[in-house]
Amino acid sequence: MRHALVLCAAAGLAAGLAGQPAVAQSDDRTAAEFDKFREVLEEANPAELWELKGEELWKTRRGPKNASLEQCDLGLGPGVVKGAYVQMPRYFADTGKVMDAEQRIVHCMITLQGFKYEELAKAPFSRGNYTPDPVSIVTYVAAQSREMKIAVPQSHPKERETYEIGKQIFYYRAGPWDFSCASCHGEDGLRIRTQNLPNFTKPGAQAARSFIGWPGYRMTGGVMHSLQWRMNDCFRQQRFPEPGYASDTIAALLTYMGVNSNGELYRGPGIKR
Amino acid sequence: MGDPMKIRARLQGDVADVRVLMAHPMETGQRKDPSGKVIPAHFIKEIRAELNGKPVFEAQISQAVSRNPVFAFRVKGAKAGDKLRITWEDNTGDKRTDEITVGG
């Protein structure tokens, strides 16, 4: 019995050594199967449930000021939702800074509806059966840019400045592990366990994997997550101090990755493992 | 009352390709919360679909089905303008019904 085991192991080793190209091929096949799996999932993405909920939240009069968000300016004029998500983060003259989608929605909830930032920032991420309102609203807004090209603007000087700040944050190495975003997402062909890591410094399809698929429904736990959560989790994984909810730091990072994603097709809210 | 379902019906000839997305926690009754208390079972027991008031699909399901489940089935003899009504009922007696117009 023991003999047989050793033999098996030896055979496996030999096959492994001789079969370098074969290994690569099976990797491709695995990736192709995963793509097929994702396609099936995208046809029936529970994210649509949050789209419905977000739409209701957008149109309902709520908050201390009893107002809806239909006067919220997402950059294309008050109340214009169609195509707004793929053109954010962008510069807003009323606040004098570049804001990402969720940050802007939070801004509208505060200024139009009278909600308090402290209240919204208390538990800003989905958990169990709880989904924060801004996450549902982002999902609704994002869905109104389905099948549109990503076009994060760089025409205002502030937008170009924010891109540069985002780039610096992306490459900033710090923390107990001397990590940066670029440690995982600044090179081709890296992976963590079975997860292939896209290179966000490479404009186009690679970088767009930071944009496409978000906000996303996560099958683990069955919750809806926005990019605010994803960025927060990246900071946690790097052992960085936690960034503020809907902060300018996150907006700058999203500007950097968003601009690098320009030109690619956004497919609407996504679905993740 | 539950949250709204998302129902889609695509006509291919006289066959409607129906997809229903339901918002439900689908708790098994096997899980425990962080304090060690069992989270009570809460799952959809029964699903019914009616086309213009006539039952066309019925399913009895249980805990094994995932959270926020999706169901897909085909209905023969459907035409544009038909009313498709879907109802689920869970083990706590909670119910939800949504209706769409086929091809609308």
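Residues numbered from 1 in each chain as written. Chains lettered and ligands numbered in written order. Predicted model: local features only at pLDDT ≥ 70, side-chain atom pairs only at ≥ 80, totals over all residues.

Q: Could you clarify how one ought to interpret the overall build of chain B in this entry?
A: The helix and strand inventory of chain B stands at zero helices and seven strands. If you list the helices and strands of chain B from N to C, you get β-β-β-β-β-β-β. In terms of overall dimensions, chain B has a C-alpha envelope of 55 × 20 × 20 Å along the principal axes. Here chain B holds 104 residues, and 24% of them are scored as buried. (Helix = DSSP H or I, 4+ residues; strand = E, 2+ residues; numbered from the N terminus. Buried ≥ 20, exposed ≤ 12 C-beta atoms within 10 Å, placed from the backbone.)

Q: Which parts of the structure should I look at to understand the overall build of chain A?
A: Check the secondary structure of chain A and you find 10 helices and nine strands. Its C-alpha atoms put chain A at 80 × 35 × 35 Å along the principal axes. Counting over 273 residues, chain A shows a buried share of 35%. Restricting to contacts in chain A with at least 6 residues of sequence separation, those with at least 24 account for 69%. (Contact = placed C-beta atoms within 7 Å.)

Q: Can you walk me through the interface of chain B and chain A in this structure?
A: When the parts of a complex come together, some accessible area is lost, and that lost area is often taken as the interface size. On the chain A side, the residues contacting the 10 residues of chain B number eight residues. Within the side of chain B that touches chain A, the residues separate by chemical class into five nonpolar, one polar and four charged. (Nonpolar A, V, L, I, M, F, W, Y, C, P; charged D, E, K, R; others polar.)

Q: Please clarify how the nonpolar core should be interpreted in this entry.
A: Grouped burial of nonpolar side chains is what soluble globular proteins tend to show. Residues I105(A) and V141(A) are the most contacted members of the largest nonpolar core, which totals 71 residues. At eight residues, the largest contribution of residues to this core is made by helix α10 (residues 248-260) of chain A. (Core = buried A, V, L, I, M, F, W, Y, C linked by C-beta atoms within 7 Å.)

Q: Whenever I open this one, helix α6 (residues 133-143) of chain A confuses me. Can you help?
A: Within an α-helix, residues lying three or four positions from one another point in the same direction, as the helix has 3.6 residues per turn. Residue and element names in this part refer to chain A. For α6, the buried fraction is high: 11 of the 11 residues fall into the buried class. All of the buried residues in α6 are D133, P134, V135, S136, I137, V138, T139, Y140, V141, A142 and A143. On its buried side, α6 packs onto α3 (47-59), α4 (101-111), α5 (117-122), β6 (213-218), β7 (223-225) and β9 (269-272).

Q: Which parts of the structure should I look at to understand the pairing of strand β6 (residues 83-90) of chain B?
A: In the case of a regular strand, side chains alternate between the two sheet surfaces. Residue and element names in this part refer to chain B. Side-chain alternation along β6 places L84, I86, W88 and D90 on a buried face and K83, R85, T87 and E89 on a face that remains uncovered. Here strand β3 (residues 44-51) runs beside β6; their pairing, made up of seven bridges, is antiparallel. Counterpart to E46 in the pairing with β6 is E89. Here β6 hands over to strand β7 (residues 95-101) after four residues, with G93 in that stretch at a positive phi of 90°. (Pairing = 2+ DSSP bridges.)

Q: Where do I start with the confidence of the model for chain B in this structure?
A: Parts of the model with low pLDDT should not have their predicted coordinates read in detail. Summary statistics for chain B give a mean pLDDT of 92 and a share of 98% for residues scoring 70 or more. Here the predicted complex carries an ipTM of 0.73, next to a pTM of 0.82. (pLDDT = per-residue confidence, 0-100.)

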